[in-house]
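Take a look at the letters that make up each chain.
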Amino acid sequence: MKSKQSEQADMVLVKRATGIRSLDIATRGGLPAHGATLIIGEPGCGKTILGLQIFAGALARGEGGVFMSFEESSTQILRNTASFSWGERLHDTSRCQVIDAHGMKGTEFSGAFDIEGLLAMLESCAGSVDGTWIMLDGIDQLLRHQPDQNRAIEQVAQMNDWCEQKGYTLLLTGKHSGDRLTRPEHLAGIEFMLPTIFVLSSQLVDGRLHRRFRIAKYRGTQHDPDELAVLIDNDGIHLPYADSLGEEVPANSERLGTGIGRLDDVLGGGLYRGSTTLISGQPGTSKTTIAAAFAREACQRGERALFVSFDELASRIVRNVASVGIDLQTHIDSDNLALHTHTSWHSLAEHHFMALQQRIDEFKPDCLVIDPASAMLKASSAQSPQIALERLLERTRREGITTLLTSLSSNDDMNDESTLASVSTLADTWIVLRYQIRGGERNRSLSVVKSRGTAHSNQVRELVLSSGGIDLADVYQYGTEVLMGTARAEKESEVEAARQRENRERDQHHRILRRQIDKTQLEISQQQTELERLRAELEDESAFHGSSDQESARHNENIRQRREPEHKISREKQGTQHRREGDQ
Amino acid sequence: MNSEGNSTIPLSQRLILFVTGDAPRTGRARSNLSSALAQTGLDGWPREIDLLKDPSQAIAFGMFATPALLRADQTLDRAVLYGDLSDERALRQFLDEL
């Protein structure tokens, strides 16, 4: 009689990790520890590789198992896996037994058969390697000979029950014809018998094979039900989109310099740490140069910058930006900067996504540049390639990696400011670079379309490159036009000349006025002297005439007295005195 | 077509019947084989290997389903007939090539 606790424990599905991180995430922990999982798919989808990789993972953890193939010889199996990084593990005969059952192909069948002998043999082999994993690759090759299809399905269920009872994790693979059914050919109804079914499929898109993975059924547990892209490389199978997202870092208010002082001013002090910036523009508008300035600035702060270039060789980028005073080589040498080139057409979008993830995992950058991120959209993908970029940005935002993307705008459409329309909505800051053509020359302009959380300038500015570096210049507003480059310089010279001419004319006028004032003041001074002289002369003259008149009067009186008798003079004197008294 | 040379070798050395205990299909296979041998005039009985008792023989002989009848005569090409041997025509043809 089982205890209540034991019964409850039996009710919980125990899982066994596969060792494939993304698969363990999608399955929320791995495969049923005690029971069967069916992997079905078209030929070439990676069923056997998936099973063998799980198997190799188990061996790496010190677990043992039995691999049995009904399709290929054990030699072929081991040869096929030799190119994988884990292939060598399958040669460990102390933990792994590979059984060659492909000899059953082409043999005759006469009536129904049992699998008890098979199970007895598997148990014996598992015991010899102390194994808990069993994989039957191409089980449909055996069961399709069962005259009664229902009997074949029952035998699959029998295997599942046997594994539950014995504590084995069983992997079964089988082919289907690509009709999207979740069962192998000849085994209709098997989907109802097994608790766990994975479906692998493939599709040609633009001449490239896209493999997909889906958990069609996983009874009794949560799992990722979405169809996920499958990638196969030297490490085996990956489900890049199954990765779980990490913890979200808090929003940071710290401003980071872009490497262009005046651009920082335009952005209100720089870019927020952990933000995403999109720089879009036509070819040759200096997107890469600005991105390089941003990366160099990060390195100069002592941070780590990862610069991923699509389609442009790293050495050429280093050389080209050095011509405008941006030295990347020093930071590459000091291991603060990792500069990698990816070829956009060479891989699927999912490959690029996974490669970028691995770069981030390995280098752990503070700042990330993808130049141009729009190149990823050229990559083939069964889904929209934008998903790869959006998933990547989701990660960088969560992890606080300050990210700068560039985007190549179309040559044909001047109004097409970004081919990354959806990314531009995710970006915190969007800077648009353009050409202004006037007077037979192209000049670069920069404007900030948006910058979240920033009172940024709305002014268009000229982007000026020189051997001394990269800078922004104020544009010249001339009526309704914006002048840049030579036109701006000419107009500025013209205005400066006019200003200087006006200054000169004003100075000259001032000098004339000052001379006239001096002259007038001199004249006033002279006139004043003359005035004083005249006054003095007048006074002298008046004084002279006064004394002269008195003398003359006395003289005349003397003469008259001498000429007149005495009594007449006395009367005249009395008469004069009487008139004076009468007047009084 | 039976060869004169082989006919002298006991059937137990020329045929192996792989079985799993007394499972129903094992029983049917024995019955069907017995009838066929009688009809073809072959004497003797094949060697029987019970995979439940000796599962290592499954790997040794590459037999992964039971019942299975193996032509063990090394002078002839290896041949296996899987199943409960209920297909009389297939079984007769298999035995005729002994």
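Worth saying up front: this structure is predicted, and the values here are computed from it rather than measured.

A. Inspection of the overall build of chain B at higher detail. Along the backbone of chain B there are four helices and four strands. Its helices and strands in sequence order give chain B the pattern α-β-α-β-α-β-β-α, from N to C terminus. Its C-alpha atoms give chain B a radius of gyration of 13 Å, within 12% of the compact-globule value 13 Å for 98 residues. Principal-axis analysis of the C-alpha atoms gives chain B an extent of 35 × 25 × 20 Å. Taking all 98 residues of chain B together, 49% fall into the buried category. By sequence separation, contacts in chain B at least 24 residues apart represent 62% of the contacts at least 6 residues apart. For chain B, the accessible area works out to roughly 4,800 Å², and carbon and sulfur atoms hold 46% of it. A distance of 4 Å separates the average location of the 10 positive side-chain charges in chain B from that of its 13 negative side-chain charges.

B. The arrangement of the interface of chain A and chain B in detail. Taken together, the contacts link 23 residues of chain A with 22 residues of chain B. For the chain A and chain B pair, buried surface summed over both sides reaches about 1,800 Å², with 62% attributable to carbon and sulfur atoms. For chain A, the biggest contributors to the area lost against chain B are Glu108(A), Ser110(A) and Asp114(A); these three give 34% of the whole. Residue Arg25(B) pairs with Asp114(A) through a salt bridge whose shortest N-O separation is 2.6 Å. Where chain A meets chain B, there are nine residue pairs in polar contact (both at pLDDT 80 or more). Contributions of two or more residues to the side of chain A that touches chain B are made by strand S5 (96–100), strand S6 (108–109) and helix H5 (116–128) of chain A. Tallied by class, the residues present in the side of chain A that touches chain B amount to twelve nonpolar, six polar and five charged.

C. Structural view of unusual backbone geometry. Between Asp371(A) and Pro372(A) the backbone carries a cis peptide bond, its omega angle lying at -15 degrees. Along the chain, the position of Pro372(A) falls in the loop between strand S18 (367–371) and helix H13 (386–399). The amide bond that connects Thr66(B) to the next residue, Pro67(B), takes the cis arrangement and shows omega of -5 degrees. Along the polypeptide, Pro67(B) turns up in the loop between helix H3 (56–61) and strand S3 (68–71). The phi dihedral of Arg28(A) falls on the positive side, at around 60 degrees, and the residue is not glycine. Residue position: Arg28(A) is located in the loop between helix H2 (21–26) and strand S2 (31–32). Unusually for a residue other than glycine, Leu85(B) sits at a positive phi of about 60 degrees. By the secondary structure assignment, Leu85(B) is in the loop between strand S4 (79–82) and helix H4 (88–96).

D. Here's a closer look at the packing of aromatic side chains. Within the structure shown, the criterion is met by eight aromatic pairs over all chains. Ring centres 6.1 Å apart and planes at 65 degrees place the aromatic pair Phe55(A) and Phe67(A) in the edge-to-face group. Of the two residues, Phe55(A) sits in helix H3 (residues 47–60) while Phe67(A) sits in strand S4 (residues 64–69), which places them twelve residues apart along the sequence. Judged on exposure class, the residue Phe55(A) and its partner Phe67(A) are both buried. Look at Phe109(A) and Tyr82(B): their rings are 4.9 Å apart centre to centre, the planes differ by 20 degrees, and that puts the pair in the stacked class. In this pair, Phe109(A) sits in strand S6 while Tyr82(B) sits in strand S4, so the two residues belong to two different chains. Looking at Tyr82(B), the relative accessible area reads 1%, which means it is buried. An aromatic cluster is present here, built from Phe109(A), Phe113(A) and Tyr82(B) joined pairwise through their rings. Sitting over the face of the ring of Tyr218(A), Lys15(A) holds its NZ or CZ atom 4.8 Å from the ring centroid. Cation over ring: Arg304(A) sits above Phe363(A), and NZ or CZ is 3.9 Å from the ring centre.

Parameters and conventions
Residues numbered from 1 in each chain as written. Chains lettered and ligands numbered in written order. Predicted model: local features only at pLDDT ≥ 70, side-chain atom pairs only at ≥ 80, totals over all residues. Heavy atoms only, no water. Helix = DSSP H or I, 4+ residues; strand = E, 2+ residues; numbered from the N terminus. Rg over C-alpha atoms; globule rule 2.2 N^0.38 Å. Buried < 20%, exposed > 50% of the residue type's maximum accessible area, 1.4 Å probe, protein only. Contact = heavy atoms within 4.5 Å. Areas by Shrake-Rupley, 256 points an atom, 1.4 Å probe, with all protein chains shown as cover. Lys, Arg positive; Asp, Glu negative; His and termini not counted. Charge placed at Lys NZ, Arg CZ, Asp CG, Glu CD. Buried area = accessible area lost by both parts, 1.4 Å probe. Salt bridge = Lys/Arg side-chain N within 4 Å of Asp/Glu carboxyl O. Polar contact = N/O pair within 3.5 Å; in protein donor to acceptor, adjacent residues only side chain to side chain. Nonpolar A, V, L, I, M, F, W, Y, C, P; charged D, E, K, R; others polar. Phe/Tyr/Trp six-rings, centres within 6.5 Å; stacked < 30°, edge-to-face > 60°. Lys NZ or Arg CZ within 6 Å of the ring centre and 35° of its normal.

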